[in-house]
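Fold and contact review
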Amino acid sequence: MRRRLPLVPLTVLLSLVLAACAPLRPPAPASEKRYSAAELLALRPEAFSWPAAAQAAEQAQHEAALAALRAGLAQPGPERDAALPALLTQVMRFNAEIATAQPLLLAALPGLAARDADAQRALLTAAYTLYPQESAPLLWPLLPQLTASKPFAIAAYTLLQADPTTATRLREQLPQQFPAWGEDARLVALMLRLQPGDAPAPPLAELLAAPLRPGYPVIFSLQRPGRDDMGLALVRGADGRFVREADGRLFTSPQLARARSGLPGTITNGNTPQGLFAIVGAGTATNPDIGPVPYLHSKLPIEATLAEFEHADLTLAWTAEVYNSFLPPSWRGWAPIHEAWLAGRAGRDEILVHGNTLNPAYYAGSPFYPGAPQAGCLVSQEDWDPASGRLLASRQLRLAQVYAAAGAPADLAGYLVVVELGAAGTPVSAAEAQALVEAAGR
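Right, let's walk through the structure included here. Bear in mind the structure is a predicted one, so any value in this text is a computation, not a measurement.

**Concerning the pairing of strand β11 (residues 413–420)**
With seven of its eight residues buried, β11 lies for the most part within the structure. Two strands pair when backbone bridges link them, and strand β2 (residues 218–223) and β11 are joined in this way by six bridges, in the parallel orientation. The partner of Val218 across the bridge, within β11, is Tyr415. Pairing of strand β5 (residues 275–283) with β11 involves six bridges; the strand directions are antiparallel. Counterpart to Phe277 in the pairing with β11 is Leu416.

Laid out in structure tokens, this is it:
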């Protein structure tokens, strides 16, 4: 008979959420074009082109990628098994050859404990994203063999997705396998997910009106649970007022905060975590899926030094109290808004606010279509001329420029808040956002 462990009280979990963090890491050196607020505001869509986004070039690239994927999946056993992590990443990227890859993944799962951490993460991510029901029977015997927290957490989330009633069993196994789980941000987040019941969110109007740090603009990204529905980005100016269009309507911009994997925000390449980020500038990415339109450089706590996060010359260390000081009192005890804090502690980084050159048609039939998810960033759709690859319209550029014009300093310093609202099933609407802003008196 399995021994039943008591539930972990939410207050205890929150104390673990707000525990001391890992040592700070210095920021990576810049290796790309950076923009001042004035430079960003001077940009025009017609100045951008991306030849690979032209229909002929994109189609040729797509066909070549699919041919390479099919050839890789058809390789002899040892070669294919070695390449399987990379192949499954491509299966998810192009949303293709899912049925062909399924038996290969299922055959690889029983021996997964003998593979390196990167292979474990890639294969378990595919199991979570593509084959949770089929993988679940193979994951229960594998789970005790996963000695690192990241693969264990991904496997547990997969089992939970396949059958939500397994939460009790997983809640018992986690502390038995990881007695020091409270020191690991990924496992703290997992334990929070395994607790029964969801505490109601505090009034969103209080978060929308919260000063954070006065004098800086803020992007609020309103999202649905599960992230299968399109969210909306709003901009609150440095004066504390939300930006309106010329006709008085609230400025809103569609934005997808879902990763291809759909994993929670504390897992590498998972969904954008809920919570508070600092914006520390804008740049042009080297990632071809992002393209040439400038991204806004958002950083998680710990990824950003405290001086970067406070936009001030400080030498203090990060603490949970500092993170909480940005939040209104009613929100400080609500666990989900601390996901960004946990994600930073877990080592996530490079979660940017950016555009998109991926063809949304890859994801036709998905609930988030015509959105095109990537690796966990906040993605805005862009329209590229199918003949020339020139940029026709960019929601990302418009959002970045509205933010820059909303009182951002020359270095574009400010904040980003990602928060979920309502129930999944419908995109966040402009009318819904308008009502929330009106309730906040902003």
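**Some thoughts on the environment of Arg70**
Here Arg70 is to be found in helix α3 (residues 55–73). At 2.8 Å, the side chain of Arg70 and the side chain of Glu97 are in polar contact.

**Some remarks on the nonpolar core**
Leu40, Leu204, Leu207, Ile219 and Leu222 are the most contacted members of the largest nonpolar core, which has 74 residues in total. Those residues in contact with Leu204 that sit more than four places away from it in its chain are Leu222, Trp331, Val419, Leu421 and Leu436. Of all hydrophobic cores here, the second largest spans 64 residues; its members include Leu123, Tyr157, Ala167 and Tyr363.

**Here's the deal with helix α16 (residues 430–440)**
Along α16, the positions that sit buried rather than exposed are Ala433, Leu436, Val437 and Ala440. Along the long axis of α16, the arc covered by the buried residues comes to 100°, so they all point the same way. Across α16 from its buried face, at more than 90 degrees, point the exposed residues Ala431, Glu438 and Ala439. Buried residues along α16 sit in contact with α11 (204–209), β2 and β3 (231–236). Once α16 finishes, Gly441 follows within two positions and takes phi at roughly 70°, a positive value.

**Digging into unusual backbone geometry**
That bond from Tyr369 to Pro370 is cis: its omega, 10°, falls within 30 degrees of zero. Here Pro370 shows up in the loop between β7 (353–354) and β8 (378–379). Here the phi dihedral of Ile302 falls at roughly 80°; this positive angle occurs in a residue that is not glycine. Here Ile302 falls in the buried class, since its relative accessible area comes to 3%.

**Focus on the pairing of strand β10 (residues 391–394)**
Bridge count for strand β9 (residues 382–384) against β10 is three bridges, and the pairing is antiparallel. Paired with Trp384 across the two strands is Leu391, which belongs to β10. Hairpin connection, β9 to β10: the antiparallel pair is bridged by six residues, and Gly389 has positive phi, about 80°.

What counts and how
Throughout this document, residue positions are counted from 1 along each chain, in the order its sequence is written. In keeping with the predicted nature of the model, local features appear solely for residues at pLDDT of at least 70, side-chain atom pairs appear and are counted solely at 80 or more, and the whole-chain, interface and lining totals rest on all residues. Heavy atoms from the whole structure form the basis of all side-chain values; hydrogens and water molecules are not counted. The rule is simple: take the accessible area with a 1.4 Å probe, protein chains only, and divide by the maximum for that residue type; under 20% is buried, over 50% is exposed, in between is partly exposed. By definition, any uninterrupted DSSP run of H or I lasting at least four residues is a helix, any uninterrupted run of E lasting at least two residues is a strand, and each is numbered from the N terminus. Strands were regarded as paired on the criterion that DSSP finds at least two bridges between them. Two N or O atoms form a polar contact when they lie within 3.5 Å of each other; inside protein one atom must be a possible hydrogen donor and the other a possible acceptor, and for residues adjacent in sequence the pair counts only when both atoms belong to side chains. Side-chain atoms within 4.5 Å link the members of a nonpolar core, which is a set of buried Ala, Val, Leu, Ile, Met, Phe, Trp, Tyr and Cys residues. The contact criterion used is simple: two residues touch if any of their non-hydrogen atoms lie within 4.5 Å. The directions from the helix axis to the C-beta atoms form the arc being described.

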